[in-house]
Amino acid sequence: MGHTPVSKRRLCPHCARPLSSCICRWVTPLAQPTAVLILQHPLEVQHAKNSAGLLHRCLTHSRLLVGERFDAQTLQAVLQEPKYTVLLYPPTDYAGHAAPAALDAVQLADPSAVRLVVLDATWRKSRKMLHLSPLLQGLPRLTLHDTPASLYGIRKAHQPGQLSTLEATCAALAQLQGGAMVYAPLLQAFQGFVAQQASYAQDHGPVPLSEVALPGTPCRPQGGP
Ligand SMILES: [Zn+2]
């Protein structure tokens, strides 16, 4: 018995994946107090093992924009609602980059007044996104106090302790809320997603890019010609 040709497989209308690897069952809605803005690198959009799409569908108070370069006008439009905006990113000292503003502990104390910006990209691409988007460079940086062990066995970590976007964001949100355990159901769902993607890849090989293209219609990629 041969495999059904890729083009004949039925796709889930919600996540645009083949029904056998549909991730919709893992969507665990959670109304977190902190606003989350996910900036997703275009290469991540079609990545079958990407966790940000699931994260975005779980966090009711989140936005997802796709692009590599985010100009000030685009960012100012999405950052309009007055909040204390911080970037989840380790401290860096790149030549030519604006120095990040100092983190204000007083403003961080109210999680509902904070907006967390996360870059969904490989380490190398996230550095490029930062390089191309001066407004991001100047945002105060939030770093994780302690990094939980990653459940992310399905993608190669680029540095020790590196977490998936979903895990890192949950850890940051929990940190802002004083170590809240409310994100445990989401992490549990993520574990299911990881296992499902691993077993799908074992049975079928990597999910072809064309099968996971564009769930939903986020913003157009920025930085075109
Ligand atoms: Zn689905």
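All values reported here derive from a predicted model rather than from experimental measurement. (Residues numbered from 1 in each chain as written. Predicted model: local features only at pLDDT ≥ 70, side-chain atom pairs only at ≥ 80, totals over all residues.)

**Student:** Lay out the environment of Q196 with the relevant residues and their values.
**Tutor:** You can see Q196 is positioned in helix α8 (residues 184–204). Classification of Q196 as partly exposed rests on a count of 17 C-beta atoms within 10 Å. The sequence separation of Q196 and S21 amounts to 175 residues, and the corresponding C-alpha distance is 7.0 Å. (Helix = DSSP H or I, 4+ residues; strand = E, 2+ residues; numbered from the N terminus. Buried ≥ 20, exposed ≤ 12 C-beta atoms within 10 Å, placed from the backbone.)

**Student:** An account of helix α7 (residues 165–176) is needed here, citing residue identities and associated values.
**Tutor:** Taking 1.5 Å of rise per residue, 12 residues should cover 16 Å, and α7 covers 16 Å from first to last C-alpha, within 8% of that figure. When you tally the buried positions in α7, you get 11 out of 12 residues, the bulk of the element. Within α7 the residues assigned to the buried category are T165, L166, E167, A168, T169, C170, A171, A172, L173, A174 and L176. Of the residues one or two after α7, G178 is the one with positive phi, at around 75°. (Expected span 1.5 Å × (residues − 1).)

**Student:** Quick rundown of the environment of P91? Include the residues and the values.
**Tutor:** Relative to the helices and strands, P91 resides in the loop between β3 (84–88) and α4 (105–108). A residue is classified by how many C-beta atoms lie within 10 Å of it, and P91, with 7 of them, is exposed. When the C-alpha positions of P91 and L142 are compared, they lie 8.6 Å apart, and in sequence the two are 51 residues distant. Beyond its immediate chain neighbours, meaning those up to four positions away, P91 contacts R141 and T143. (Contact = placed C-beta atoms within 7 Å.)

**Student:** Lay out the pairing of strand β2 (residues 62–66) with the relevant residues and their values.
**Tutor:** Alternating positions in β2 separate cleanly, S62, L64 and V66 being buried on one face and R63 and L65 remaining unburied on the opposite face. By the bridge criterion, 5 bridges tie strand β1 (residues 35–40) to β2 in an arrangement that is parallel. Within the sheet, the bridge partner assigned to I38 lies in β2 and is L64. (Pairing = 2+ DSSP bridges.)

**Student:** Describe the sheet that holds strand β4 (residues 114–120), listing the residues and the values that go with them.
**Tutor:** Strand order in the open sheet made by the 5 strands is β2-β1-β4-β3-β5, with parallel pairing throughout. The open sheet is flanked by β2 and β5 (141–142), the only strands paired with a single partner. Along the sheet, α7 makes contact with β1, β3, β4 and β5, crossing β4 at roughly 160°. (Axes fitted to C-alpha atoms, helices over the stretch in contact; angles between N-to-C directions.)

**Student:** Before we move on, can you summarise the nonpolar core with the specific residues and values?
**Tutor:** In terms of nonpolar packing, the biggest core is built from 44 residues, with I38, L87, L88, L116, V117, V118 and A172 touching the most fellow members. Of all elements in the fold, only β1, α2 (52–58), β3, β4, α5 (123–132), α7 and α8 reach the threshold of two or more residues within this core. Ranked by the residues each element gives to this core, the list is headed by α7, at 8 residues. Setting aside its immediate chain neighbours within four residues, L116 contacts T34, V36, V86, L88, L142, A172 and L173. (Core = buried A, V, L, I, M, F, W, Y, C linked by C-beta atoms within 7 Å.)

**Student:** Could you give me a rundown of unusual backbone geometry, with the residues and numbers involved?
**Tutor:** Of note in this structure, A16 is not a glycine but carries a positive phi near 65°. Assignment of secondary structure puts A16 in the segment before β1.

**Student:** Can you lay out the confidence of the model for the protein chain for me, pointing to particular residues and giving the numbers?
**Tutor:** Detail in the predicted coordinates should be disregarded across regions flagged by low pLDDT. Of all residues in the protein chain, 80% attain a pLDDT of 70 or more, and the chain-wide mean is 82. Confidence drops under a pLDDT of 50 for residues 156–160, and excluding neighbours within four residues, the segment shows 5 contacts in the predicted structure. Predicted confidence is poor over residues 207–225, with pLDDT under 50, and the contacts of this stretch with residues over four places away or in other chains come to 42 contacts. (pLDDT = per-residue confidence, 0-100.)

**Student:** An account of the pairing of β4 is requested, with residue identities and associated values reported.
**Tutor:** Counting buried residues in β4 gives 7 out of 7 residues, a clear majority hidden from the surface. Across 6 bridges, β1 lies against β4 in parallel orientation. The residue bridging L37 from the neighbouring strand is V117, located in β4. Both β3 and β4 contribute to a ladder of 4 bridges, which runs parallel. Paired with L87 across the bridge in β4 is V117.

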